[in-house]
Amino acid sequence: MVRRQSLAAGALAALMAALACKKGGAPAAPTPTPTPNAAAAAAAAQELFKAMKMPNNLNDTTAAMIDSEISRNPGLTPYRDIMLQWLRKYMTWDAIQPEMTRMYTEAFTDEELKQMAAFYSSPAGQKSLEKLPDLMQRTAMAGARISQQHTDELRAAMAARSEELKKEAAAGGGPGGPGGPGGAPGQGRRPARPQGAPQGQPHAKAPAPAPAPAPTP
């Protein structure tokens, strides 16, 4: 129970970070320097938002945000209604509209915004708004289905790369390679210094054994 509450609190904190316009929330982005076309661009952005039905679709957007978070953390399922009410309380169109206007006017010129608004106001644009979410989902499912047919090839390529990395690690002194722990003796390993040998001097060779005395006649 405690773990679920901590997950819920973490998810709410993450969602709160997205609400830059909320009072007492994350610091708002700096206001861009006004330009002569700022008013025209802002008006064009409002027309685009209206054509795309953003104010009307905001509730669906907040629900999608909550469901996406729950898909990553299923333990949050019992808290869905609480999180949704909280998000809809603060993520209102009045709160997010200034931020949306800033983002769109920075990304597009007022003429581009007008052209986009004209398209989304047309029957084709309205149909695209209706059909695109489903098409995006179906595209993702088709991509997963197609790629799944070739997973063996991916596994083989990843296994080959794993072997290459092991060989590179061994050649470079990794575990089991020359000079590494368990490497071949005499390869990359310095012989032990005899006791008493001065630091910084070459290791002295061990003295040759004395010849055995000749037998007495």
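Here, the structure is the one placed above.
So, a few notes on the structure that sits alongside this text.

Reading the values: the criteria
- Residues numbered from 1 in each chain as written.
- Predicted model: local features only at pLDDT ≥ 70, side-chain atom pairs only at ≥ 80, totals over all residues.
- Heavy atoms only, no water.
- Helix = DSSP H or I, 4+ residues; strand = E, 2+ residues; numbered from the N terminus.
- Buried < 20%, exposed > 50% of the residue type's maximum accessible area, 1.4 Å probe, protein only.
- Contact = heavy atoms within 4.5 Å.
- Areas by Shrake-Rupley, 256 points an atom, 1.4 Å probe, with all protein chains shown as cover.
- Polar contact = N/O pair within 3.5 Å; in protein donor to acceptor, adjacent residues only side chain to side chain.
- Axes fitted to C-alpha atoms, helices over the stretch in contact; angles between N-to-C directions.
- Parallel < 35°, antiparallel > 145°, perpendicular 65-115°, else oblique.
- Left-handed = near helix turned anticlockwise from the far one by under 90°.
- Nonpolar A, V, L, I, M, F, W, Y, C, P; charged D, E, K, R; others polar.
- Salt bridge = Lys/Arg side-chain N within 4 Å of Asp/Glu carboxyl O.
- Phe/Tyr/Trp six-rings, centres within 6.5 Å; stacked < 30°, edge-to-face > 60°.
- Core = buried A, V, L, I, M, F, W, Y, C linked by side-chain atoms within 4.5 Å.
- Patch = residues over 30% accessible without salt bridge, like charges linked within 9 Å, V, L, I, M, F, W, Y side chains within 5 Å.
- Expected span 1.5 Å × (residues − 1).
- Bend = angle between axes of the 7 residues up to and from the residue.

Some words on the overall build of the protein chain
Then comes step 1: Within the protein chain, the regular secondary structure consists of eight helices and zero strands.
Then comes step 2: Starting at the N terminus, the α and β elements of the protein chain follow one another as α-α-α-α-α-α-α-α.
Then comes step 3: The burial tally for the protein chain puts 21% of its 217 residues in the buried class.
Then comes step 4: Across the protein chain, the fraction of contacts at a sequence separation of at least 24, relative to all contacts at a separation of at least 6, is 62%.
Then comes step 5: Only carbon and sulfur atoms are counted for the fraction: they give 59% of the accessible area of the protein chain, which is about 16,000 Å².

Some remarks on the side chain of Glu99
Then comes step 1: Note that Glu99 resides in helix H5 (residues 93-107).
Then comes step 2: Look at Glu99 and you get buried, because its relative accessible area is 17%.
Then comes step 3: A polar contact is formed between the side chain of Glu99 and the side chain of Arg102, at a distance of 2.6 Å.

Digging into the packing of helix H3 (residues 54-72) against helix H4 (residues 80-90)
Then comes step 1: Orientation of H3 relative to H4, taken along the N-to-C sense of each, is 140°, at an axis distance of 10 Å. With respect to H4, the axis of H3 lies oblique. The two elements H3 and H4 cross, and the hand of that crossing is right-handed. Residues Asn59, Thr62, Ala63, Met65, Ile66, Asp67, Glu69 and Ile70 of H3 touch H4, and the partners they reach there are Arg80, Met83, Leu84, Leu87 and Arg88.
Then comes step 2: Among the residues forming the contact of H3 with H4, the class breakdown is seven nonpolar, two polar and four charged.

A short note on the pattern of salt bridges
Then comes step 1: Throughout the structure, instances matching the rule amount to eight salt bridges.
Then comes step 2: The salt bridge involving Glu99 is made with Arg102; its shortest N-O contact spans 2.6 Å. With Glu99 and Arg102 both in helix H5 and three residues apart, the pair spans about one turn of that helix.
Then comes step 3: Among the ionic pairs, Glu164 bridges to Arg161, the shortest N-O distance being 3.3 Å.

Brief notes about the packing of aromatic side chains
Then comes step 1: Taken as a whole and assessed by the stated rule, the structure comprises five aromatic pairs.
Then comes step 2: Ring centres of Phe49 and Tyr104 lie 5.2 Å apart, and the angle between their planes is 90°; on these two criteria the pair is classed as edge-to-face. Remark: Tyr104 occurs in helix H5 and Phe49 occurs in helix H2 (residues 38-51); sequence separation between them is 55 residues. The pair formed by Phe49 and Tyr104 is uniform in burial state, with each residue classed as buried.

So, the nonpolar core
Generally speaking, a soluble globular protein has its nonpolar side chains buried in company with each other.
Then comes step 1: Core analysis: the largest hydrophobic core is formed by 25 residues, its most contacted members being Leu48, Phe49, Met54 and Tyr104.
Then comes step 2: Elements that contribute at least two residues to this core include exactly H2, H3, H4, H5 and helix H6 (110-121).
Then comes step 3: The residues touching Met54, leaving out its near neighbours within four places in the chain, are Phe49, Trp93, Met100 and Tyr104.

With respect to the side chain of Glu69
Then comes step 1: Topologically, Glu69 is positioned in helix H3.
Then comes step 2: Exposure remark for Glu69: the relative accessible area of 12% places this residue in the buried category.
Then comes step 3: A distance of 2.8 Å separates polar atoms of two side chains, one belonging to Glu69 and the other to Arg72.

Things to note about a nonpolar patch on the surface
Then comes step 1: A cluster of nonpolar residues, Leu132, Leu135 and Met136, forms a patch on the protein surface that exposes about 300 Å² of accessible area.
Then comes step 2: By the element assignment, Leu132 lies in helix H7 (residues 123-148).
Then comes step 3: With a relative accessible area of 40%, Leu132 lands in the partly exposed category.

Digging into H3
Two residues of an α-helix separated by three or four positions point the same way, owing to the 3.6 residues in each turn.
Then comes step 1: Its 19 residues give H3 an end-to-end C-alpha distance of 26 Å, which sits within 8% of 27 Å, the value for a rise of 1.5 Å per residue.
Then comes step 2: Of all the bends in H3, the largest measures some 30° and sits at Asp60.
Then comes step 3: Regarding H3, the residues found buried are Met54, Leu58, Thr62, Ala63, Ile66, Glu69 and Ile70.

A word on the packing of H2 against H6
Then comes step 1: Relative orientation of the contacting elements H2 and H6 amounts to 20°, with a least axis distance of 8 Å. Looking at the two axes, H2 sits roughly parallel to H6. Read as a crossing pair, H2 and H6 show a hand that is left-handed. Contacts between H2 and H6 involve Ala40, Ala41, Ala44, Ala45, Glu47, Leu48 and Ala51 from the former and Asp110, Leu113, Lys114, Met116, Ala117, Tyr120 and Ser121 from the latter.
Then comes step 2: Along the lines of polarity and charge, the residues of the contact of H2 with H6 split into ten nonpolar, one polar and three charged.

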